[in-house]
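# Overview (structure and organization)
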Amino acid sequence: MRMSSLFLRTLREDPADAEVPSHRLLVRAGYVRRVSPGIYTWLPLGLKVLRRVEEIVRQEMDAMGAQELLFPALLPREPFETTGRWTEYGPNIFRLQDRKGADYLLGPTHEELFTLAVKDMYSSYKDLPVTLYQIQTKYRDEARPRAGVLRGREFVMKDSYSFAVDDAGLDKAYDQHRETYIRIFDRLGFHYVIVAAMAGAMGGSKSEEFLATAENGEDTYVHCPQCGYAANVEAVRVPAPPALDFTTTPAARAEDTPDTPTIAKLVDVLNARFPRDDRAWAAGDTLKNVIVKVTHPDASTEVVAIGLPGDRDVDEKRLEAQLEPSTFEVFDDFPSVPQLVKGYIGPGVLGAEKDAKVRYLVDPRVVDGTAWVTGADVQGQHVLSLVMGRDFTVDGTIEAAEVRVGDACPNCGHALEAARGIEMGHIFQLGRKYAEALGLKVLDENGKLVTVTMGSYGVGVSRAVACVAEGNHDERGLIWPRQISPADVHVVATGKDEEVYLAAEDITRGLEAAGLVVLVDDRRKVSPGVKFKDSELIGVPTIVVVGRGLAEGVVEIKDRRSGEGRSVPVESAVAEILAEVRGTSA
RNA sequence: CGGGCUGUAGCGCAGCUUGGUAGCGCGCCGCGUUUGGGACGCGGAUGUCGCAGGUUCAAAUCCUGUCAGCCCGACCA
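Let me sum up the structure you'll find in this document. A quick note: this is a predicted structure, and the numbers were derived from the prediction, not measured.

## Concerning the overall build of chain A
Scanning chain A for helices and strands turns up 13 helices and 31 strands. Based on the C-alpha atoms only, the size of chain A along its principal axes is roughly 95 × 65 × 45 Å. Buried residues in chain A amount to 50% of all 586 residues. The contacts in chain A between residues at least 6 apart in sequence include a share of 67% that link residues at least 24 apart.

## Topic: the protein's contact with RNA strand B
As a matter of local geometry, RNA strand B sits amid 44 residues, with Arg12, Pro37, Arg151, Glu423 and Glu536 nearest to it. The sugar-phosphate share of atoms of RNA strand B within 4 Å of the protein amounts to 48%. Here Glu423 contributes a side-chain N or O atom positioned 2.4 Å from a sugar or linking oxygen of RNA strand B. Lys496 is positioned such that a nitrogen or oxygen atom in its side chain is 3.1 Å from a phosphate oxygen of RNA strand B. When contributions to the surface near RNA strand B are tallied by element, the ones reaching two or more residues are strand 1 (32–36), helix 8 (316–323), helix 12 (528–538) and strand 30 (554–559). Residue contributions to the surface near RNA strand B peak at seven residues, all from helix 12. Its residues assigned to classes, the surface near RNA strand B comprises 10 nonpolar, seven polar and 27 charged.

## Things to note about the nonpolar core
Membership of the largest hydrophobic core comes to 58 residues, with the highest contact counts inside it found for Leu26, Tyr31, Tyr181, Phe185, Leu188, Phe190 and Trp480. In this view, Tyr31 contacts Leu26, Thr41, Trp42, Leu43, Leu45, Gly46, Val49, Leu478, Trp480, Pro486 and Ile538; residues no more than four positions away in its chain are not counted.

## Comments concerning the pattern of salt bridges
This model, assessed by the stated rule, comprises 32 salt bridges. Note that Asp175 and Lys206 form a salt bridge whose closest N and O atoms lie 3.9 Å from each other. With Asp175 in helix 6 (residues 167–187) and Lys206 in the loop between strand 9 (192–196) and strand 10 (207–213), this pair connects stretches of sequence that are 31 residues apart. Residue Asp175 is classed as partly exposed on the basis of its relative accessible area of 34%. One salt bridge connects Asp391 with Arg390, and the closest N-O pair in it is separated by 3.0 Å.

## As for unusual backbone geometry
Of note, the bond from Leu128 into Pro129 is cis; its omega dihedral lies within 30 degrees of zero at 0°. When you line up the elements, Pro129 lands in the loop between helix 5 (111–121) and strand 7 (130–139).

## Quick look at the sheet that holds strand 19 (residues 381–387)
Across the sheet, which stays open at both edges, the three strands sit in the order 13-19-18 with antiparallel pairing between neighbours. Edge strands, defined here as strands with exactly one partner in the open sheet, are strand 13 (253–256) and strand 18 (371–375). Between one strand and the next, the sheet's axes are offset by a mean angle of 25°, whatever the strand orientation. Sheet topology note: the strand 18/strand 19 ladder contains four bridges and is antiparallel. Residue pairing in the sheet places Thr374 in a bridge with Val383 of strand 19.

## Considerations on the environment of Gly107
Looking at where Gly107 falls in the secondary structure, it is placed in the loop between strand 6 (103–106) and helix 5. Spatially, the C-alpha atoms of Gly107 and Tyr139 are 5.8 Å apart, while their sequence positions differ by 32 residues. Beyond its immediate stretch of four places on either side in the chain, Gly107 contacts Ala73, Leu75, Lys138 and Tyr139.

## Let's talk about the packing of aromatic side chains
Counted under the stated rule, the structure contains nine aromatic pairs. Where Phe185 meets Tyr192, the ring centres are 5.8 Å apart and the plane angle is 55°; that geometry is what we call tilted. Taken together, the aromatic side chains of Tyr181, Phe185, Phe190, Tyr192 and Phe210 make up a single cluster linked through ring pairs. Cation over ring: Arg95 sits above Trp86, and NZ or CZ is 4.5 Å from the ring centre.

## Section: the pairing of strand 1
Alignment of strand 1 against strand 2 (residues 39–42), held across four bridges, turns out to be antiparallel. Counterpart to Val32 in the pairing with strand 2 is Trp42. The antiparallel pairing of strand 1 with strand 2 creates a hairpin that spans two residues between the two strands, and Gly38 there sits at a positive phi of about 75°.

## Points about the sheet that holds strand 30
Hydrogen bonds along the backbone pair up the strands of a sheet, which may run parallel or antiparallel. Taking strand neighbours across the sheet as the criterion, the five strands line up as 28-27-29-30-31 in an open arrangement whose pairing is mixed. Taken across any chain shown, the strands that pair with only one partner, and hence form the sheet edges, are strand 28 (518–521) and strand 31 (565–569). Averaged over neighbouring strand pairs, the angle between their axes works out to 25° when direction is ignored. In terms of strand pairing, strand 27 (residues 489–493) meets strand 28 through four bridges, oriented parallel. When the bridges of strand 28 are listed, His490 appears paired with Leu519. Set on the sheet, helix 12 makes contact with strand 27, strand 28, strand 29 (542–546) and strand 30; between it and strand 27 the angle comes to about 170°.

The rules behind the values
Residues numbered from 1 in each chain as written. Chains lettered and ligands numbered in written order. Predicted model: local features only at pLDDT ≥ 70, side-chain atom pairs only at ≥ 80, totals over all residues. Heavy atoms only, no water. Helix = DSSP H or I, 4+ residues; strand = E, 2+ residues; numbered from the N terminus. Buried < 20%, exposed > 50% of the residue type's maximum accessible area, 1.4 Å probe, protein only. Contact = heavy atoms within 4.5 Å. Near = heavy atom within 4 Å. Polar contact = N/O pair within 3.5 Å; in protein donor to acceptor, adjacent residues only side chain to side chain. Nonpolar A, V, L, I, M, F, W, Y, C, P; charged D, E, K, R; others polar. Core = buried A, V, L, I, M, F, W, Y, C linked by side-chain atoms within 4.5 Å. Salt bridge = Lys/Arg side-chain N within 4 Å of Asp/Glu carboxyl O. Pairing = 2+ DSSP bridges. Axes fitted to C-alpha atoms, helices over the stretch in contact; angles between N-to-C directions. Phe/Tyr/Trp six-rings, centres within 6.5 Å; stacked < 30°, edge-to-face > 60°. Lys NZ or Arg CZ within 6 Å of the ring centre and 35° of its normal.

Now the structure itself:
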């Protein structure tokens, strides 16, 4: 690639609409250009990087035995109608019609198509397991595309799907993907964590996300510095403490606590009128009961009470993940359930078997023997020393309370910390949801029809480009890892003497003969300063300067990341550069 | 979808308060001088001032509407 003719224009200033470093630098250095919100053109340098990422993903997928194919991006409505996603996906789908008025969509993901392809071609357990993948452009009409190519409405994704006759086969495919993803993300040069994610309603299935660690990442996760546990907030399991002995706990008693509609006021009143011997009352001593209205997929509704320590709020995302596929909203129709006294709701009226028919689920911290201050179901009264398992029972537990930094790690009990990341990959045991909906069954060895079980696995390929840029830059520009740099070496010729350009040509030819991709700055009448700035902005890891040193018979090899350089004789330059690029000593 | 900000040359921006010849820097073209850290001189090209309507002798500027973008939040790979 010759800079004198390369389709490239670098920008001296940051584009006004770019905020995050990867977006700024990819635009400034001439890798991408915006066409429309969340829709980008890949310029020659950017496309080189994208292709190299693709190739790494492809090599590793092939190595695990997955087979590549390619579905259309333009898809008919029907399969998505069958699985319900035509409506479920809502406004996130790009929809269009053909000349006859038939509905189409631009594929946001391809579970339906893969499932139907296997159904179309296979019908025996002998054909399974099989894993298929594609590297393809996806479309999602994001509410808010941002950060350039990091979160686009059109993006390149590798998606793969595994098909197996039984759960053991699914587990195996899942584990293979996990190992393959580790290899892929290691090769791409990421710092990443694997976090436990919510698998949704298909009980017992596994799901993990690969997050590139990034301060301005969009996803928050918690992790344990002691044992390495990491999880999405939605997926954190609160460890249940052991049951307590309550033989010495005094009997429950109802007390007047007027004007205490909030936990804070209740705590004040408790400390003023019923002080404890050992310490002051705190919000965590109270049991707060939050009422929600749950809507099930069949459109039936149910009122549910969630009991949790008074110092915590309900985390809507966690609750939603627990209830999926049902949805919930805050309950406000108190007149319809007269047993519920707003502000003073207690376990006395809660429970599926009681008159109010309000199912009662509590936080896992509410274990047998724990004593609480909670509503007495009478206006202006609370109950003290109400003991779980002695004075009240519940219908079950639910993970709906907010997770906080400092909470105990479910694995080892150490305090959890929070961090942010960018989702780069997701592996997910789908189970039989799509196979059932679309009728993918095979005959097993007994001649009986069994529903196939599936996994789905994704890697954000175009996102990976931005994500690597996000993690590999300095104030001067990009710094690509060797594996995905648009070129192996950037040869910069400076000066006006024809000899430097001839020498640069020689070196370039020598490197290309050895199989390297070389970007050579052969622009005449461009000052050295401009060329140096451009080379640092573009970010090829090894920069070779052919300039004034040539008079003494040397050229300079510079490492973009460290900034360190060394002079080598021009005769041995090619060998020295090859050694540098290949990581061997000359 | 809610809140805030912004739309003027390829890029970054000024001009708008107080209506009257559309500007600056970078980039681009020509000539010359320069060539190790975004050089300099001289000359030049490039505009639907987001769009539509209105007020006015006259609108980038004032009014109304509308579209788009960015940021924060909600939501989402």
